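Analysis of the macromolecular model
Residue-level listing of the chains:
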Amino acid sequence: CVGCSAHLNYTVRKVWRVGSRGSNVVQQLLVAGMLDVLNHSGSSRTVRVPPESLTEVKDALQDAGIPYQVLIHDLAAHLQAADEEGRERRSADNSSCTVSSCPAPLNTHYMTFSQMEWYLRDVNTSSPTRITVSSIGKSVEGRNIWLAHILPSQPSDKAVWLEAGLHAREWISPAVALHLIHHMITNTSATSSVDVFIVPMANPDGYVYTWITDRLWRKNRRVNGGARCDGVDLNRNWDSHFGVGASNNPCSEVYQGPSAFSEPETKALRDAMLKLKDNLELVLALHSYGQDLLYPWGWSTGEEAPGKHDLIAIGQVFTQAVKNATGTEYAVKNAAEGYYVASGATDDWAMEALHTKYVYTLELRDQGRQGFLLEPANILACSEEIWQGITQVIKKINA
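Because the structure is predicted, anything quoted here is derived from the model rather than measured.

Structural notes on the packing of aromatic side chains
Aromatic rings in a pair are described by how distant their centres are and how their planes are angled relative to each other. Counted by the stated rule, this structure contains 13 aromatic pairs. Both rings, one in Trp171 and one in Trp211, keep their centres 4.6 Å apart while their planes meet at 10 degrees; by these two values the pair is stacked. Of this pair, Trp171 sits in the loop between β7 (159–164) and α5 (172–186) while Trp211 sits in helix α6 (residues 204–212), and the two are 40 residues apart along the sequence. Here Trp171 falls in the buried class, since its relative accessible area comes to 9%. An aromatic cluster is built from Tyr110, Trp171, Tyr207 and Trp211, whose rings are joined through pairwise contacts. The side chain of Arg215 reaches across the aromatic face of Trp171, ending 3.7 Å from its centre. The residue whose ring lies beneath Arg270 is Phe261, and the NZ or CZ to ring-centre distance is 4.6 Å.

Put into structure tokens, the structure is as follows:
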């Protein structure tokens with residue numbers, strides 16, 4: 001089955017739900033590399049605990065008087081069961097992508113990185129007046145980081161930037177980005193007076209790794225010399241208050257890397273964004289999950305981002321449009337207060353370094369029932385609601 005080998009790493013790994021008073025302790029254990037947080041919104045925290053950390057994590061929670069319950073005793077068995085169930089529900093539309101053709105994003109199946117590349121190649125050839133696709137750099141393992149530029153139908157001095165796939169396990173993020181590209185090519189009126197730049201897969205190495213080895217892998221595939229753990233969290237690697245709320249431990253899921261922009265993936269994104277600095281009106285980083293639209297700052301709860309009230313107002317335009325489209329409810333929140341303090345992220349850097357007025361991180365579906373293992377049946381509806389939300393935001397910014 002697809003990804004079955006990716007479940008072998010999780011034999012005897014457990015998933016716990018930690019009580020509402022445990023947020024600070026959980027964050028400390030995350031930074032120390034002792035657990036992985038699977039959700040950040042809501043009052044409780046769902047965490048993945050490796051066998052080598054079970055005793056220390058249990059002792060830390062008990063010492064702090066924080067209750068927890070075991071939700072999953074064997075994560076590997078749980079993931080394999082979920083994969084088998086999902087495979088039974090998939091349609092045959094996967095066959096529409098071959099090594100020679102991929103005319104549209106898949107609707108009921110998550111695409112491999114190769115399929116994403118076939119689609120981008122095809123659309124670059126078939127719609128030359130609407131889109132240009134180019135590589136802005138290479139990943140650690142040498143894969144291309146593709147940038148799709150959706151061309152306006154009239155002269156424009158405004159630009160929108162969308163980034164997806166920075167965290168490898170968040171499969172709904174690149175799926176939605178690819179559908180947004182498809183929408184923008186076929187619905188010219190929505191982007192007629194704005195340049196839209198979309199990076200549908202910012203962390204290709206990590207994404208490929210989630211398909212073949214580790215379904216819940218988050219980071220890139222940097223080999224950290226002298227350490228037993230690989231990977232850098234690319235959303236802690238940007239040069240904005242580098243190190244705050246992140247970790248210098250390579251075994252942590254929020255490992256910041258040896259220095260800001262140490263990774264080729266973040267360097268490529270930075271350099272491409274800097275070229276658009278004077279025109280960027282909106283920067284939106286697609287992540288999952290939680291159904292929240294987060295605005296800066298993420299690095300501090302005490303500092304207020306410039307234009308906070310405008311950020312909230314435009315955010316509410318987005319959430320209302322989403323609700324009107326599918327009934328799905330998203331909330332507008334400050335990143336640090338709504339989730340946790342964390343620096344080195346795309347959104348904070350874009351606001352601080354580029355002075356982009358409207359900057360957000362969008363946590364896509366769902367609110368935790370399926371989480372990172374979101375069924376592909378959600379792809380179409382999630383893409384449609386985000387398309388409607390972005391369309392209304394672009395109209396408001398251009399007004």
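Section: the pairing of strand β10 (residues 292–295)
The alternating pattern of β10 places Asp292 and Leu294 and Leu293 and Tyr295 on opposite faces, both of which are buried. Tracing the backbone out of β10, into helix α8 (residues 308–326) and back to the parallel element strand β11 (residues 331–334) gives a crossover that is right-handed. Where β10 lies against strand β12 (residues 358–364), three bridges are found, and the strand directions are antiparallel. Looking at β12, one finds that Leu294 is bridged to Thr361.

Points about the packing of α5 against helix α11 (residues 379–398)
Two measures define how a pair of helices packs: the angle their axes make with one another and the distance between the axes. The interhelical angle for the contact between α5 and α11, taken along N-to-C directions, is 60 degrees, at an axis separation of 9 Å. Considering their axes alone, α5 and α11 lie oblique with respect to each other. For the pair α5 and α11, the sense of crossing is right-handed. Across the interface between the two elements, Ile172, Ala175, Val176, His179, Leu180, His183 and Met184 from α5 touch Ile379, Leu380, Cys382, Ser383, Glu384, Ile386, Trp387 and Ile390 from α11. Classifying every residue of the contact of α5 with α11 gives eleven nonpolar, three polar and one charged.

Cut-offs and rules
- Residues numbered from 1 in each chain as written.
- Predicted model: local features only at pLDDT ≥ 70, side-chain atom pairs only at ≥ 80, totals over all residues.
- Heavy atoms only, no water.
- Phe/Tyr/Trp six-rings, centres within 6.5 Å; stacked < 30°, edge-to-face > 60°.
- Helix = DSSP H or I, 4+ residues; strand = E, 2+ residues; numbered from the N terminus.
- Buried < 20%, exposed > 50% of the residue type's maximum accessible area, 1.4 Å probe, protein only.
- Lys NZ or Arg CZ within 6 Å of the ring centre and 35° of its normal.
- Right-handed = clockwise from strand over helix to strand, strands pointing away.
- Pairing = 2+ DSSP bridges.
- Axes fitted to C-alpha atoms, helices over the stretch in contact; angles between N-to-C directions.
- Parallel < 35°, antiparallel > 145°, perpendicular 65-115°, else oblique.
- Left-handed = near helix turned anticlockwise from the far one by under 90°.
- Contact = heavy atoms within 4.5 Å.
- Nonpolar A, V, L, I, M, F, W, Y, C, P; charged D, E, K, R; others polar.

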